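Spelled out, the chains give:
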Amino acid sequence: MVYRALSKLVLFAGLLLVGGGLLISCAPDTSAPALTPRPRATSTTAGATPTAQKVLATLRAFVDQSCLDCHTNKDQLVKLAVGPVVEKAESEGPG
Amino acid sequence: MAPLEPWERVWIDATAYKTDVHSLINCTDCHGGTALDDMDAAHVGMNPSPASDPQSCGVCHPDITPADAASLHTTLRGYDTVLYTRSTPENHAILEEMESNHCASCHTTCGDCHISQPASVGGGLLKGHTFVKTPPMSQTCTGCHGSRIKNEYFGLNEELPADAHFRTRMACSACHTADEVHGVGMTLNADHRYDGVQSPTCESCHQDKVGVGSGIEQHEVHGTEILSCQACHSIAYTNCSNCHVEKNENGLPFFKVEEHALGFYLGRNPLQNGERPYRFVPVRHVPIDLNSFSFYGENLLPNFNRLPTWVYSTPHNIQKITPQNQACENCHGNDDLFLTLDKVALAEREANKGVIVDKAPPLPEGYVKKADLTPTAESDGGGGDGFWGDGGSEASPTPATGDDFWGGSGSSEPTPTPTVSGDDFWGGGNSQPTPTPTEAGDFWGGN
């Protein structure tokens, strides 16, 4: 008995839900109009991705100290660095 | 930009770089080579430009690298499109050779925007090897987009004011976002710069001021599909013709543009489609002609007429009030403003038949002429001709604090006031008369 009453209730509740669902879906849409899917002048890709975090976690320790030491040593670089000898031809006009 | 000293180009700022997450990565993981105290031995197999293989960044930035690989900055397809469309397959190899001579420095790696200055401005690290999130405008973007866009945007063209957005200190990346320049959400392998969605759109920031309902008369009558925003809001830009590429006696490539002039012309929209529905847009003459590449061979562009030489354009010199929108009849009925047949060289009329306008559209009957608009104080830029007001000497902000805006600490960027004379006039000025990528970009024409 109790069981049948319960199942009726469940059925009723179910109908209500479906009906309600229908009602809602038939109701006029009062939400804001859909925005035109145009790219906006805002960015969506956020900074650190989970992938980056994961790769960072697996990095081996920093061992390239000799590279860093030289490239942070101004005096040494002044002695060693040579300007790029890129030759360039004269062009004319604004292009 | 003053070129960096040789040592500065390779100097890592220990203090700043230590705070950068990338400093956790071994140098050799990106650059190759071997960590040794002897420079020559250490540099064997070393790659100074690891970002030329975007996978070195892609392991950690997989949301960016695949799109970037298909973006115009990487593919440079815009150049191929305008050349190959005008040519035939048997000429492609020779055109490719010519491109590799004249356009080598156009290729843009992640490093060219985030780590070092592009080769066209002498190369070297931006900020002691820190990975700079916002590419500093004058060290990166205008290093390549050097002549046309820089001159327009900064107000370096004779007597013309800077872009309204520049005057509010907006840098390139205020409009051209990370996603756009990385190609995320853009057309993959686009054929040219106007292939696919507009990005950015003016509307994305000025929604309330646009079209019907804006309360601005000219917006109300025209809506948003008759004219592009630039048709009313941009001013004179550079039109070039007669470009030739050659090599000098030492085999070094160079180009020569013999004729150029500032002008503003509305033509029929050569790219009219759903994304760009406008009937009329500003059109710019690109410096290509039948003989541009004759140094490399005969008749390399047999299908020259397949593309117009007056192309769709979006000049970067936006003003609220412009000579053409000051009054209805500065535009309606004003043949001088439109690209009529007489303005197009005889040999190019066939190529431009889709762009040429018969005559300026008359003002439809029934519109009462209102009082003319006058440029506001802020948009009053250069001196000179009546429109911009005489002697309104300086419209541009002076370079100051904002690192991101001016790029670097370098106060060496000249104040972008309109300059008239000599080298400065065409930008680049002093010691770098070589085709920077934009110049090449301009040269090949945007689409």
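Residues numbered from 1 in each chain as written. Chains lettered and ligands numbered in written order. Predicted model: local features only at pLDDT ≥ 70, side-chain atom pairs only at ≥ 80, totals over all residues. Heavy atoms only, no water.

1. What about the overall build of chain B?
Alright, step 1. Tallying secondary structure elements over chain B gives 22 helices and five strands in all.
Alright, step 2. Per-residue burial over chain B gives 48% buried out of 447 residues.
Alright, step 3. Long-range pairs, those at least 24 residues apart, make up 67% of the contacts in chain B with a sequence separation of at least 6.
Alright, step 4. Entry remark: accessible area of chain B is about 20,200 Å², with carbon and sulfur atoms responsible for 54%. (Helix = DSSP H or I, 4+ residues; strand = E, 2+ residues; numbered from the N terminus. Buried < 20%, exposed > 50% of the residue type's maximum accessible area, 1.4 Å probe, protein only. Contact = heavy atoms within 4.5 Å. Areas by Shrake-Rupley, 256 points an atom, 1.4 Å probe, with all protein chains shown as cover.)

2. Some words on a negative patch on the surface
Alright, step 1. Together, Asp69 of chain A together with Asp37, Asp38 and Asp40 of chain B make up a region of like negative charge exposed at the surface.
Alright, step 2. Turning to its location among the elements, aspartate 69 of chain A is positioned in helix 3 (residues 65–71). (Patch = residues over 30% accessible without salt bridge, like charges linked within 9 Å, V, L, I, M, F, W, Y side chains within 5 Å. Salt bridge = Lys/Arg side-chain N within 4 Å of Asp/Glu carboxyl O. Lys, Arg positive; Asp, Glu negative; His and termini not counted. Charge placed at Lys NZ, Arg CZ, Asp CG, Glu CD.)

3. A few points about the pattern of salt bridges
Alright, step 1. Per the stated rule, a full pass over the model turns up three salt bridges over all chains.
Alright, step 2. Linking arginine 60 of chain A and aspartate 29 of chain B is a salt bridge whose minimum nitrogen-to-oxygen distance equals 2.8 Å. A residue pair is termed interchain when its members come from two chains, as with arginine 60 of chain A in the loop between helix 2 (50–57) and helix 3 and aspartate 29 of chain B in helix 3 (residues 27–31).
Alright, step 3. Under the relative-accessibility criterion, arginine 60 of chain A is labelled partly exposed at 44%.

4. A look at the nonpolar core
All names here are of chain B.
Alright, step 1. By size, the foremost hydrophobic cluster in this structure holds 14 residues, and its most contacted members are Leu83, Leu95, Met98, Ile288, Phe293, Leu300 and Leu301.
Alright, step 2. Taken together, the elements giving at least two residues each to this core come down to helix 8 (77–86) and helix 9 (92–102).
Alright, step 3. A total of three residues in this core trace back to one element, the largest contributor, which is helix 8.
Alright, step 4. Once you skip the residues sitting within four places of it in the chain, leucine 95 turns out to touch Leu83, Tyr84, Ser87, Phe293 and Leu300. (Core = buried A, V, L, I, M, F, W, Y, C linked by side-chain atoms within 4.5 Å.)

5. Considering the pairing of strand 4 (residues 280–285) of chain B
Residues and elements named next belong to chain B.
Alright, step 1. Strand 4 sits mainly inside the fold: six of its six residues count as buried.
Alright, step 2. As judged from the three bridges shared by strand 3 (residues 266–268) and strand 4, these two strands associate in the antiparallel manner. Residue pairing in the sheet places leucine 266 in a bridge with proline 282 of strand 4.
Alright, step 3. Where strand 4 meets strand 5 (residues 310–312), three bridges bridge the pair, whose relative direction is antiparallel. In the sheet register, histidine 285 faces strand 5, and the bridge partner there is tryptophan 310. (Pairing = 2+ DSSP bridges.)

6. Brief notes about the sheet that holds strand 4 of chain B
Residues and elements named next belong to chain B.
Alright, step 1. Read across the open sheet, the three strands follow the order 3-4-5; overall the sheet is antiparallel. For this open sheet the edge positions go to strand 3 and strand 5, each flanked by a neighbour on one side alone. With strand direction ignored, the average angle separating the axes of adjacent strands in the sheet is 60°. (Axes fitted to C-alpha atoms, helices over the stretch in contact; angles between N-to-C directions.)

7. Some words on the domain arrangement of chain B
Residues and elements named next belong to chain B.
Alright, step 1. Along its sequence, chain B is carved into domain 1 (1–73 + 108–199) and domain 2 (201–390).
Alright, step 2. On a C-alpha basis, the centres of domain 1 and domain 2 stand 30 Å from each other.
Alright, step 3. Contacts between the two partners involve 21 residues from domain 1 and, on the opposite side, 28 residues from domain 2.
Alright, step 4. Between domain 1 and domain 2, the buried area comes to about 2,100 Å², and carbon and sulfur atoms account for 52% of it.
Alright, step 5. Here domain 1 and domain 2 share zero salt bridges between them.
Alright, step 6. Remark: the boundary between domain 1 and domain 2 carries twelve residue pairs in polar contact (both at pLDDT 80 or more).
Alright, step 7. Here the side of domain 1 that touches domain 2 gets four residues from one element, more than from any other, and that element is helix 12 (residues 148–154). (Domains from an automatic or database assignment. Buried area = accessible area lost by both parts, 1.4 Å probe. Polar contact = N/O pair within 3.5 Å; in protein donor to acceptor, adjacent residues only side chain to side chain.)

8. Quick word on the packing of helix 8 of chain B against helix 9 of chain B
All names here are of chain B.
Alright, step 1. Taken N-terminus to C-terminus, the directions of helix 8 and helix 9 make an angle of 140°; their axes are 11 Å apart at the nearest point. With respect to helix 9, the axis of helix 8 lies oblique. Note that helix 8 runs across helix 9; the crossing there is right-handed. In contact with Tyr79, Asp80, Leu83 and Tyr84 of helix 8, helix 9 contributes His92, Leu95, Glu96, Met98 and Glu99. (Parallel < 35°, antiparallel > 145°, perpendicular 65-115°, else oblique. Left-handed = near helix turned anticlockwise from the far one by under 90°.)

9. Here we look at the side chain of glutamine 198 of chain B
Alright, step 1. Considering the arrangement of structural elements, one finds glutamine 198 of chain B in the loop between helix 15 (178–182) and helix 16 (203–206).
Alright, step 2. Within polar-contact distance, the side chain of glutamine 198 of chain B engages the side chain of tyrosine 278 of chain B at 2.7 Å.

10. Overview of unusual backbone geometry
Leaving glycine aside, a negative phi is the common case for residues, and trans is the common case for peptide bonds.
Residue and element names in this part refer to chain B.
Alright, step 1. Residues serine 199 and proline 200 are joined by a peptide bond in cis, for which omega reads 0°.
Alright, step 2. Along the chain, proline 200 turns up in the loop between helix 15 and helix 16.
Alright, step 3. One non-glycine residue, leucine 76, lies in the positive phi region at around 55°.
Alright, step 4. Within the element layout of this structure, leucine 76 appears in the loop between helix 7 (72–75) and helix 8.
Alright, step 5. We classify leucine 76 as buried; its relative accessible area is 11%.
Alright, step 6. The phi angle at arginine 169 is positive, at roughly 65°, despite the residue not being glycine.

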